[in-house]
Amino acid sequence: MLRRGKKTTSSISIFSRISVRLRIALISLVTVIGLSVIAVVYWSGQANVGAAFENHKLFAKLAQLTRELKAQTLQLRLLQKEFAVRPSSIVIRHYDESTAEVEASLKELWARVSGGVGVDATGAAQAAAPSGWLQDKAKELEPILAAKKAEQDAARAEANQQPDQAAGEQQDQGAGENDTAAAAPMDEAELEAKQEDGVANLIVTIARIDGQVREVFGLQEQMGFADDSGLIGKLQESEKVIDKRLKKELKENNNSEVERLARLFLELQNAELGVRLNGLDVFSGKFEVAFGRFERFLQKAYLPKEVKQELSDALLVYRTSFDGWTKALGEQQSLAEKVRNEFDVLTPSVSSLQALARTGEVAAQSELETARSNTTRLMILVISVVFLLGMLLSIIVGLSISSPLARLRNAMEHLAEGQTDIDLKDAAGRDEVAAMARTVSVFRDNAIERERLSQERMQESEAREQRAQVIEQRIHAFEASVNEALDAVREAAGRLSKSSAELNQASEQASTQTEVAETAVSRT
């Protein structure tokens, strides 16, 4: 307590060298500095929170885009399966629209994971067909991914060449560390790199699928969507020619050879229909047998030359169309198998990317909450420190003003009561209170001087009173002596008056006697 009291006193004595206005200005300055620090901390915290929020928004958008992409790729797969069952231009149009949506999603995903700015994919998503960005970007990314895969393969091969013993020792020594590392979450840079690689692989895979699907569409267009288009149309047209000619020959020349040709052609049509409905695996052999029989019997049949030539030409067109159709069908089935395999790989890739986006979203949410809590704690800490410093400074400045004022007030009260033995130790300072104390010291000195003068006047008054008493005593003594003398004179005068009266009486008596004598004399 004594040390704190000494520190406070020394702080107050230090402040006594500064004017009150400067002290008040110092409080205001500390307040402004504190508010500025709070503002800087707030802005810095808000910047961190804003960055974390933007990061969270990015990963949330990535998670949303991956969810949408997963649904869109599933739609592509369903459309591919639907096309395999019921090929039509309507399915192709729907596929183009879905591909445009996938391309828009991939474009925005790539813009976000590659450090670009998110694009507005609304217009692209509403487009009727893809813009070509997917194929162009895939061509750009394929060599990059191939180089990365080569590096990974080289690193894996180098790791496999390490001695088994050293690998075992490292495994034994670092088992716990590996477990910890495996359990440790990925940092942001690694997560972003994996997301970028994942989106790049998706772009390349989906572009490859799209190319293969469009080859399937092209083969189907070559084969024909209906009985009157493509190779199917040619096949049907040649069948109609053969059928029409055979019916005409049956009607005009009803013989066993024409009837057998008609039966063989019906078998050929059934085999062809079986191939078209069930594929090449089962009915291709039956078709070849049926075609061979019809072709050989046609060559041996006794028909007019122009009829046989017409049937042979139509059969050649039929065979050429059928061979082209079966070749296209085989290529289409092979491509469809590749597409199915690609889709089988694509679905886990999209799910993996979705998991990465979700991991990033969770990590960004955690980072956002951490930034908010850190900002809140830092704001509370800074506000508390500023508040405590402001309160401490206010108390010290208040004490540096109120304590001297209290002492000055007590001194003035004592001075008002007439006590002049007051201590004005604050008069030595340089502030306004010291100036007031020095002013009070003038009043004190004047009071002391007045008291001194009053005492001198009292002493002079006492001396005058003593002198007056002495004079009065002397006057009384003089008056007493004078009165005594006067009494003596009055007594002597009385006696003299009495003597004079007696003399007058004696004189009168003498005068009377004289007169009597004179009378007597005169009578004599």
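All values reported here derive from a predicted model rather than from experimental measurement.

(A) Structural detail: the packing of aromatic side chains. In total, this model carries 8 aromatic pairs according to the counting rule given. Ring plane angle 85° and centroid distance 5.1 Å describe the contact between Y95 and F217, whose orientation is recorded as edge-to-face. Here Y95, found in helix α3 (residues 89-113), pairs with F217, found in helix α8 (residues 188-223); they are 122 residues apart in sequence, far enough to count as distant. Using a relative accessible area of 1% as the deciding quantity, one classes Y95 as buried. Of the residues examined, F217 reaches a relative accessible area of 7% and is grouped as buried. A connected cluster of aromatic rings, assembled from ring pairs, spans F265, F287, F291, F294, Y318, F322 and W325. Sitting over the ring of F291, R319 keeps its end group 4.6 Å from the ring centre.

(B) Here's a closer look at the packing of α3 against helix α5 (residues 133-160). Where α3 contacts α5, the axes come no closer than 10 Å and their chain directions differ by 45°. Considering the angle they form, α3 stands oblique to α5. Across the interface between the two elements, E103, L106, K107 and W110 of α3 pack against W133, L134, K137 and L141 of α5. The residue makeup of the contact of α3 with α5, split by class, is 5 nonpolar, no polar and 3 charged.

(C) Region of the structure containing the confidence of the model for the chain. Within the chain, residue pLDDT values average 76, and 82% of them lie at 70 or more. α3 holds the highest mean pLDDT among the elements of the chain, 87, whereas helix α7 (residues 175-183) holds the lowest, 41. Low pLDDT, under 50, characterises residues 1-8; the predicted model gives this stretch 1 contact beyond four residues in sequence or across chains. Segment residues 165-184 is flagged for pLDDT under 50; beyond a separation of four residues in sequence, or across chains, it makes 0 contacts in the model.

(D) The nonpolar core, seen in detail. Counting residues in hydrophobic clusters, the biggest one holds 73 residues, and the most contacted among them are L106, I203 and F294. Contacts of L106, omitting those with residues within four sequence positions, involve L69, W133, L134, L202, I203 and I206.

(E) Fine view of the side chain of T73. Within the element layout of this structure, T73 appears in helix α2 (residues 20-85). Within polar-contact distance, the side chain of T73 engages the backbone oxygen of K70 at 2.8 Å. When sequence neighbours within four positions are dropped, the list of residues in contact with T73 reads V102, I206, F343, L346 and V350.

(F) A look at a positive patch on the surface. Taken together, the side chains of R260, R263, R296 and K300 present a region of like positive charge at the surface. For R260, the location among the structural elements is in helix α10 (residues 256-278).

(G) Seen up close, the pattern of salt bridges. Taken as a whole and judged by the stated rule, the model has 17 salt bridges. In this structure, D344 and R77 form a salt bridge, with 2.4 Å as the shortest nitrogen-oxygen distance. In this pair, D344 sits in helix α12 (residues 305-416) while R77 sits in helix α2, placing the two residues 267 residues apart along the sequence. Residue class for R77 comes out buried when judged on its relative accessible area of 18%. Across the salt bridge formed by E140 and K137, the nearest N and O atoms sit 3.2 Å from each other. Of this pair, E140 and K137 both sit in helix α5, 3 residues apart, which is roughly one turn of that helix. Relative accessible area serves as the criterion here: at 44%, E140 is assigned to the partly exposed category. Connected via shared salt-bridge partners are D96, D210 and R214.

(H) The packing of helix α9 (residues 230-252) against α10, seen in detail. Contact geometry for α9 and α10: axes closest at 10 Å, N-to-C directions at 160°. Classified by the angle their axes make, α9 and α10 are roughly antiparallel. Once α9 is placed against α10, the crossing between them reads as left-handed. Residues I232, L235, Q236, E239, I242, D243, L246, E249 and L250 of α9 form the contact with α10, whose own contacting residues are V258, E259, L261, A262, F265, Q269, E272 and R276. Residue classes in the contact of α9 with α10 are distributed as 9 nonpolar, 2 polar and 6 charged.

About the criteria used
Residues numbered from 1 in each chain as written. Predicted model: local features only at pLDDT ≥ 70, side-chain atom pairs only at ≥ 80, totals over all residues. Heavy atoms only, no water. Phe/Tyr/Trp six-rings, centres within 6.5 Å; stacked < 30°, edge-to-face > 60°. Helix = DSSP H or I, 4+ residues; strand = E, 2+ residues; numbered from the N terminus. Buried < 20%, exposed > 50% of the residue type's maximum accessible area, 1.4 Å probe, protein only. Lys NZ or Arg CZ within 6 Å of the ring centre and 35° of its normal. Axes fitted to C-alpha atoms, helices over the stretch in contact; angles between N-to-C directions. Parallel < 35°, antiparallel > 145°, perpendicular 65-115°, else oblique. Contact = heavy atoms within 4.5 Å. Nonpolar A, V, L, I, M, F, W, Y, C, P; charged D, E, K, R; others polar. pLDDT = per-residue confidence, 0-100. Core = buried A, V, L, I, M, F, W, Y, C linked by side-chain atoms within 4.5 Å. Polar contact = N/O pair within 3.5 Å; in protein donor to acceptor, adjacent residues only side chain to side chain. Patch = residues over 30% accessible without salt bridge, like charges linked within 9 Å, V, L, I, M, F, W, Y side chains within 5 Å. Areas by Shrake-Rupley, 256 points an atom, 1.4 Å probe, with all protein chains shown as cover. Salt bridge = Lys/Arg side-chain N within 4 Å of Asp/Glu carboxyl O. Lys, Arg positive; Asp, Glu negative; His and termini not counted. Charge placed at Lys NZ, Arg CZ, Asp CG, Glu CD. Left-handed = near helix turned anticlockwise from the far one by under 90°.

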